[in-house]
Amino acid sequence: MNIKARILIPAIALTAFVTPIFAHKYEAEVKLYQLPEPVQQTIIANLQGGEAEKIEKEIMNSATTYDVHVKTRDWRTFNMRVDENGRLVLEGQPSPLSY
């Protein structure tokens, strides 16, 4: 085996194992009006009579999702996740009331 192959093969193997460890994740709080139209429509359609208290934009490995924290009129909460195309990825249900 020549010297280039002895250096290149371990370098490629190391890159394959180290890259997932340093996966880039970005989070930021955003407002509803700042989101793409399909994302806005999906969020509004799934609020179940509540309001979006907080929306977080998350980018991980070039995939963008929006985590929405919702509070209902009776003060219950739930979360939903919408992808950048407006598809509902995670649909939450209001938490049960506890007294």
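Quick notes on the rules
- Numbering of residues starts from 1 in every chain and runs along the sequence as written.
- Per-residue local features of the predicted model are confined to residues with pLDDT of at least 70, and side-chain atom pairs are confined, for both listing and counting, to 80 or more; whole-chain, interface and lining totals are unaffected and use all residues.
- The side-chain quantities take in all heavy atoms of the structure and omit both hydrogens and water.
- The salt bridge definition used is simple: a Lys or Arg side-chain nitrogen within 4 Å of an Asp or Glu carboxyl oxygen.
- Strands here mean DSSP runs of E at least two residues long; helices mean DSSP runs of H or I at least four residues long; both are numbered from the N terminus.
- Under the scheme applied here, a residue whose accessible area is under 20% of the maximum for its type counts as buried, over 50% as exposed, and between as partly exposed, the area being computed with a 1.4 Å probe on protein chains only.

Colleague: Just checking my understanding: could you explain the pattern of salt bridges for this structure?
Modeller: Considering all chains together, one arrives at 5 salt bridges under this definition. The salt bridge partner of Asp67 is Arg81, with a shortest N-O separation of 2.5 Å. Here Asp67, found in strand β3 (residues 63-71), pairs with Arg81, found in strand β4 (residues 77-83); they are 14 residues apart in sequence, far enough to count as distant. Taking relative accessible area as the criterion, Arg81 reaches 28% and is therefore assigned partly exposed. The salt bridge involving Asp74 is made with Arg76; its shortest N-O contact spans 3.1 Å.

Colleague: Explanation requested: unusual backbone geometry in the structure shown.
Modeller: Apart from glycine, the bulk of residues carry a negative phi angle, and the bulk of peptide bonds sit in the trans form. A positive phi angle, close to 55°, is found at Gln48, a residue other than glycine. Note that Gln48 resides in the loop between α2 (37-45) and β2 (51-60). Looking at Gln48, the relative accessible area reads 39%, which means it is partly exposed. Here the phi dihedral of Asn61 falls at roughly 55°; this positive angle occurs in a residue that is not glycine.

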